[in-house]
Structures are given as C-alpha cells and as structure tokens.
Amino acid sequence: MLPEKKQILVVDDEANLRRVLSAQLGRDGYEVHTAEDGEEGLAFLKEHHIDLVITDLRMPKVDGMDLLRAALRDDPSRPVVLLTAHGTVDNAVEALKTGAFDYITKPFDQNEVRVVVKKALRTRDLASADATRDVSAALPRGGSDRFGIIGESPPIQELYAILERVADTPTTVLISGESGTGKELVARALHENSSRRDRPFIKVNCAAIPKDLMESELFGYERGAFTGAVASKPGRFELASGGTLFLDEIGEIPTEMQVKLLRVLQESEFERVGGIKTIHVDVRLVAATNRDLKREIAAGTFREDLFYRLNVVPIALPALRDRRSDIPHLCAHFVAKFNARLKKSIEGIEPEALERLSSHAWPGNIRELENVVERALLFADGSRIRLDDLPEEIRSGAPSTPGASLPLAAVAADASLAPSTPDGLKEQVKAAMSKLERDLIERALKQTHGNVTHAARLLKISRKGLQLKMKELNLRERDPE
C-alpha cells in the first residue's frame, strides 16, 4: 500500500558494532533500529514492524538464541541473521538448524553483510505464507485437519492418502502447484510426520539466491575459496543431514548447477566450494515448483534426468477454485488466527459474505484468501464480517486480476472517468490511491483509538512512515504519547 524502507533491527551489546552496521545499512537504503541487548530487542519487536533481525549470539540477559526463538514464534517468515565470533561458529550452525536464516562471522566484510541482508529480505518477500499453519480448534462442524492441512474436499482427501503413504520414507517428492496453494505446508507435513521430525528441516528458496552464490549456498565453502571467505561455512545440504531439505522454486536453479544437484541426489556426496574433501550426507529432498517443468525441459532450461530424479513421487496441489467446499473451513481458521494476533473477537462471517468468498476466483489462492480475511477482520465494526467489509472486487463479483490494484481497477471500471491523455490517467490513479490510503489510515486510527504506534503496526509500516503519510494527506495526529 505505502512504499516503505525495509525495517532492520540490529541487536548487539557492542556500541561500536551497532554504529558500524547502522551506518552501512542506512547507506544501503534500509531503516535501521538498534538495541543493546536481547531484552531490549524483544521489547522492540513487540511494538514495531521489523522485516529482518540481525543479532549477536552472545549477549547478557537474553542471548541471541532466545531472541531467535522469540522472533520466530512471533513471525516465522521473518529472517534472523546471527553475528558470531570464530569460537562460537558451532553454536551458529546449531542456530541455523533451529531456524536462523544465516550467520555472519566477526570480523565481517561489508560486502558479505550486504549480500546476506539482500538475500534474507528477498527471501521474505518471496516466501509463501503458510496459510494453513497453526490450525485452530474453531473449525466448523465437518471441517478436517490432518497433517496440519485444512480441508475435506476430494482433492485434499487424495493429498491425505499420498501423505500417509510417503511421509515416513526417504523418497524424494516433487510438489507442484500455483503460487499460494500451500507447497511449503505440504513439505513440512512430510517432514513432521516422518522419523526425521526431530532432525533439521532446512528451507532454501532458490528464486532468492543469486546464480553466482547458488553453489556455495547449497554445498558450503572452505576458507579462502573466494574473496570474503574468511572462514569455512557449511552449506544447506550439510545442515539438513539426517533431516529434510526443502528446495522451493526448484525451476529457478541455473542449468550449470543442475548437474551438481543431480550428482548429490544420486551419490549423496559432494565437495564444498574450494574444498577437496568429499562430504557424505543423509538428506530427504523435497522440491517444489509453480512452473511446468516438462515445458522447461522442452525449452532446454531444465535437465530431463534431474526432473525424473526429483519426480519420484509427484504431488500436484489443487488451486483454491478447484476446492471451493474447503473455503468455509479455511475462513474459520483465519478468523480464529487473526482474532488472536490482532486481539479481536470476531465471531464469524455473515452468510452473504461467505457466499461471495466461496464464489470468488482466487487467482492468489490460499494466500490471497488469508489476506482478504485479515483485512476484513481488521476493519469489521460488528461482531461478524459482513459483505461490506470485503474488498470491492469481491463484493461486486468482478473477475480477479492477479497483481491489479484496487484503485486502478475501480478507475478503469468507470467509463465516465476515462481520461483522454496518459497524464490524465496518472492523475486519476494518483487520486484514487490517495483516497484509498486516507481511508485505510483513518480506519486504522479509529480501530486503535487514535494511537499512531498501534495503527502503524496494523498497517505493517513504521511509525515514522505513517506520520509522514499522515502529514502528506493532512491527517491530524491524535496519538496520546
């Protein structure tokens, strides 16, 4: 909605290090906040929207591991990067297995920090929301919840049957489906329902990794392998040994890397970049894609032998429009989820609104449905979500267009507003965006009784960003603070 700088929180008990990182990341275009220990960092996370946490591993009061666990509980998709000295690298590797995105060894190279931060934020942007995680008990009668997946439609029943057969095996699985259908959720279900459940589940979003870093990311590197490699570092295959490695967006892997990946799948061994020692691993591989890999094979961008090595057990996830009977159950789950997160007490969804939700095309699938329910619940004035609380394109039954913004669609739909020049269109779109922004901000302020800090959290922007936008729109600040 409102363009904002990415928000980064740096937590370290060394004041000089905080200053150095703040200066560098500030120059790179990020908005940086700092905390001098884990306790202060935790308090800051509770009150502000943060896209990335960079934290020292060893600190007084609350250490980096405790901060990592708390940050992941609050937002599992938010990346956490550890800062560690050479003597605590083993602890940092353990943190990766716990869920940290990456670690940086002190003293660090500025370019290394820049690459890790960029990769972490890109991964967050590309990460699929686990739309059906943390299943609530508030499902309608007849709702189903198996393997952490909500649904009872025929396609989901078929999925349950496959999971029952293959979850507790070492077999490679290839999950396909449109964006937002829950591919990561299925990958986690395979892991958590296997004998590997107590071992690491390591996720790699292949679309988020630059091509020239793909090999070192997957296989690790030895000290001195390239400029900036000041210490040896294990790759994702090593970290996942004994557990599961989930390669999301597998179709994005460069052709030259596909040969090396094929060898690992065949031999269960590899060498780190710059290394000569062969490393053996025991990894269960699960891959996912929203591409047609057979078409990629025909185009020469994906190896056929790798495809067949990955496609041992194929799982094709249905689009939400092909499992409409599950929408009421998913909606009930999301209402319960966001009631807890937003401290609301919405009892449910009015039948007319639920009917429109069930008939919508949902090009963004479960992720889009989750976002719509969150927005409707946030701005609902009564005890239930009504038709008027839903976005215009759903209320009107208009066809959905992925990526189209609501204001632009509204302008285009009104023939009386059709501009005669491109500049006229720009002005109308700008006016429509301003109107939408004003409306959302006013409703957020009303919901939070004029508290700008809380309104900023609801809108998922910084307090400073909200204040600037309010000034731009001539909205008076009523924050009692």
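Residues numbered from 1 in each chain as written. Predicted model: local features only at pLDDT ≥ 70, side-chain atom pairs only at ≥ 80, totals over all residues. Heavy atoms only, no water.

> Can you explain the overall build of the protein? Please cite residues and give values.
On a plain count of helices and strands, the protein comes out with 20 helices and 18 strands. Counting only contacts in the protein whose residues sit at least 6 apart along the sequence, the fraction spanning at least 24 positions is 70%. For the protein, the exposed area adds up to about 22,900 Å²; of that, 49% sits on carbon and sulfur atoms. (Helix = DSSP H or I, 4+ residues; strand = E, 2+ residues; numbered from the N terminus. Contact = heavy atoms within 4.5 Å. Areas by Shrake-Rupley, 256 points an atom, 1.4 Å probe, with all protein chains shown as cover.)

> Any details on the pairing of strand β9 (residues 201-205)? Residues and values, ideally.
Counted residue by residue, β9 has 4 buried out of 5 residues, so it is predominantly covered. Direction of pairing for β9 relative to strand β12 (residues 244-248): parallel, over a ladder of 5 bridges. Note that in β12 the partner of Ile-202 across the bridge is Leu-245. (Buried < 20%, exposed > 50% of the residue type's maximum accessible area, 1.4 Å probe, protein only. Pairing = 2+ DSSP bridges.)

> Kindly report on the sheet that holds β9, identifying the contributing residues and their values.
An order of β9-β12-β15-β8-β16 is seen for the 5 strands of this open sheet, with the pairing classed as parallel. Only two strands of the sheet have a single partner each, and these edge strands are β9 and β16 (313-316). On average, each strand axis in the sheet is tilted by 15° relative to the strand beside it, whichever way the strands run. Note: strand β8 (residues 173-176) against strand β15 (residues 284-289), 4 bridges, orientation parallel. Bridge pairing in β15 places Leu-174 opposite Ala-287. (Axes fitted to C-alpha atoms, helices over the stretch in contact; angles between N-to-C directions.)

> Please set out the pattern of salt bridges residue by residue, giving values where relevant.
Following the criterion strictly, the structure yields 28 salt bridges and no others. The salt bridge partner of Arg-236 is Glu-217, with a shortest N-O separation of 2.8 Å. With Arg-236 in helix α9 (residues 236-239) and Glu-217 in helix α8 (residues 214-219), the pair connects residues that are 19 residues apart, well separated along the chain. A single burial state applies to Arg-236 and to Glu-217, both of which are buried. The partner of Arg-395 in a salt bridge is Glu-392, with the nearest N and O atoms 2.7 Å apart. Here Arg-395 and its partner Glu-392 are both found in helix α16 (residues 392-395), 3 residues apart, which amounts to about one turn of the helix. Residue Arg-395 is classed as partly exposed on the basis of its relative accessible area, which comes to 27%. Taking the relative accessible area as the measure of exposure, Glu-392 reaches 37% and is therefore partly exposed. Through salt bridges that share partners, Asp-102, Lys-119, Glu-217, Lys-233 and Arg-236 make up one connected network. (Salt bridge = Lys/Arg side-chain N within 4 Å of Asp/Glu carboxyl O.)

> So, the sheet that holds strand β3 (residues 52-56): which residues are in play, and what are the values?
Across the sheet, 5 strands lie side by side as β2-β1-β3-β4-β5; this open sheet has parallel pairing. One side of each edge strand has no neighbouring strand; the edge strands of this open sheet are β2 (31-35) and β5 (102-105). The mean angle between the axes of side-by-side strands here comes to 20°, regardless of whether they run parallel or antiparallel. As paired strands, strand β1 (residues 7-11) and β3 are joined by 4 bridges and run parallel to one another. Residue Leu-9 lies in a different strand from β3, and its bridge partner there is Val-53. Taken strand by strand, helix α3 (residues 64-74) contacts β1, β3 and β4 (80-84), and its axis lies near 165° from that of β3.

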